[in-house]
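What follows is each chain in one-letter form.
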Amino acid sequence: MRFVPPYITKGKEALDQVNRETNYLRHQRDQAFQEIHRLEGTLREVVREAEERQNKILAAHEHQNKMHQQRVEKFAAQIENKELFLGNQESDGDIEGKFNSLSMHVKSWSSWFKSEHQVDEKYLADSPRFREIMYHIAPDDGKFELLGKKGTRRLCIQGIVGYWLVETIFRRVTDPDQPGWPAALDQLSHGNADAVDKIERALVGGQPEITRRELNDWRAFTVGLISRIEATATATAQTGSVTTEQHIASVLRITSAWAKRSGDGQLIKEGLKKIMLLAMQLALMLRKQRACWSVKFPPPSATYDPQCMSDIGAEDEDDENREKKGMERQVLLWIFPGLYKQGNADGEHYDRESCIVKSTVKLWDCVKLRDHK
């Protein structure tokens, strides 16, 4: 047996002990790494689940906020468009189009009066209403010379019809002393027209306690509802203070003597009836608007105002050239009224009035104006 020195034996034992401890520590280290990996995996799973829950909560909140925003926007749109209380409001373009269509019907109808035959002076003397209207549309034509000429008779007839529409069909409740309700309400039943007229007069008289917005809200809402109930907006007007037939008879009483002798009386009457019905439908539609619309001639003035008047006998370039020369221009004949608007569909700016369609006028010829003066 080979002899092994004691120090070698002790060294080997010490080395074995070190190896055992090293292996143990390696094992502990490996277990620690495995635990770290397991904990990291658990942490990632917890974080993922937390993120998913957070995303779900955020998505739910976002959906709720979106739905709430949509409800708010829808409500705001209803208020903005006046759908909640007033229904859809007509656009300015639609109203302007209907007004221009009415003007074209009047112009076309006046072709029945392209004649030069003269009217007995006794007829003129016995027609105070005719003389009154002619004074308003042609104040300097006291002898009715414009009606005696073929070139201007037709324009005078348009002026007479336009003046009648302003004073009757498109009349608003602004004069408490003027009897009867506006002709636009003739399309409603007698009881409803009378009730609306009385309340509107009371509200007009109640200003400034009743604001313009409140007055126009009430009018648009009430007239809109009643006209929907009665469904007569496009039908023949009902019996009221002045019926459609009475309007026709009144205008024909003033104008018929100036019509072509070869004209068909029935066709003339039917054409005028269409004008009256179109005007009454437009007048009722204007009363359903939150903005305050009116059809009128400019305030009495003989001086031409290009802001609210359109000269039937001049091009825009001529207007500009004459204005540059500082030449005063005088109105000879008022042919058709203009369309005006106060306020808007939001119930604001009733203190501002805009001329949407200018009044049609005929101006004095410059040479004739000097001779006239």
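As shown above, the structure is provided for reference.
In this report, we go over the structure that sits alongside the text.

Analysis parameters
- Think of each chain on its own: its residues are numbered from 1, step by step along the sequence as written.
- Only residues with pLDDT of at least 70 get local features here, since the model is predicted, and only at 80 or more are side-chain atom pairs given and counted; chain-wide, interface and lining totals rely on the full set of residues.
- Excluded from the side-chain calculations are hydrogens and water; all other atoms, namely the structure's heavy atoms, are used.
- Classification of ring pairs uses Phe, Tyr and Trp, with its six-membered ring standing for Trp, and accepts pairs whose centres are within 6.5 Å; under 30 degrees between planes counts as stacked, over 60 as edge-to-face, and the remaining range as tilted.
- By the criteria applied, helices consist of DSSP H or I runs no shorter than four residues and strands consist of E runs no shorter than two, each listed in order from the N terminus.
- Burial classes: relative accessible area under 20% of the type maximum marks a residue as buried, over 50% as exposed, and values in between as partly exposed (1.4 Å probe, protein chains only).
- Whether a charge sits over a ring comes down to the Lys NZ or Arg CZ being within 6 Å of the ring centre and within 35 degrees of the ring normal.
- Along the arc lie the directions from the helix axis toward the C-beta atoms.
- Lines are fitted to the C-alpha atoms to define the axes, a helix being fitted only along its stretch in contact, and any angle between axes, read from their N-to-C directions, falls within 0 to 180 degrees.
- Should an angle fall under 35 degrees it is called roughly parallel, over 145 degrees roughly antiparallel, and 65 to 115 degrees roughly perpendicular, with every other angle called oblique.
- Handedness of a crossing follows from how the near helix is turned relative to the far one, being left-handed for an anticlockwise turn of less than a right angle and right-handed for a clockwise one.
- Should any heavy atoms of two residues lie within 4.5 Å, those residues are counted as being in contact.
- As a working rule, the residues Ala, Val, Leu, Ile, Met, Phe, Trp, Tyr, Cys and Pro are called nonpolar, Asp, Glu, Lys and Arg charged, and the rest polar, with Gly in that last group.

**Brief notes about the packing of aromatic side chains**
For any pair of aromatic rings, the description rests on two quantities: the centre-to-centre distance and the angle between the ring planes.
Point 1. Within this structure, the stated rule accounts for 5 aromatic pairs.
Point 2. With a centroid separation of 5.8 Å and 50 degrees between ring planes, the pair formed by F99 and F336 is classed as tilted. Remark: F336 occurs in strand β3 (residues 331-336) and F99 occurs in helix α2 (residues 92-109); sequence separation between them is 237 residues.
Point 3. Looking at F99, the relative accessible area reads 1%, which means it is buried.
Point 4. With centroids separated by 5.8 Å and ring planes inclined at 25 degrees, the aromatic side chains of F130 and W258 adopt a geometry described as stacked. Note that F130 is positioned in helix α4 (residues 128-137) and W258 in the loop between α8 (244-255) and α9 (265-287), a separation of 128 residues in sequence. The exposure classification of F130 matches that of W258, with both residues buried.
Point 5. Geometry around Y340 places K296 over its ring, the cationic atom sitting 4.9 Å from the centre.
Point 6. The side chain of R329 reaches across the aromatic face of Y304, ending 4.9 Å from its centre.

**Some remarks on α4**
Point 1. Restricting attention to buried positions, one finds in α4 the residues F130, I133, M134 and I137. End-on view of α4: buried residues confined to an arc of 100 degrees, all on one side of the axis. Seen from the buried face of α4, the exposed residues on the opposite side, beyond 90 degrees, are P128 and Y135.

**Some thoughts on the packing of α2 against α9**
Point 1. For the pair α2 and α9, interaxial distance at closest approach is 10 Å and the crossing angle is 160 degrees. Considering their axes alone, α2 and α9 lie roughly antiparallel with respect to each other. Between α2 and α9 lies a crossing of left-handed hand. Contacts from I95, K98, F99, L102, H105, V106 and W109 in α2 reach I268, G271, L272, K274, I275, L278, A279, L282, M285 and L286 in α9.
Point 2. Residue classes in the contact of α2 with α9 are distributed as 13 nonpolar, 2 polar and 2 charged.

**Looking at the packing of α2 against helix α5 (residues 150-169)**
Point 1. With their axes 9 Å apart at the nearest point, α2 and α5 run at an angle of 135 degrees to one another. Judged by the inter-axis angle, α2 sits oblique to α5. Regarding α2 and α5, the two cross each other, and that crossing is right-handed. Of the residues in α5, those touching α2 at L102, V106, K107, S108 and W109 are R154, I157, Q158, V161 and L165.

Functional significance is not addressed by these values, which are geometric in nature.
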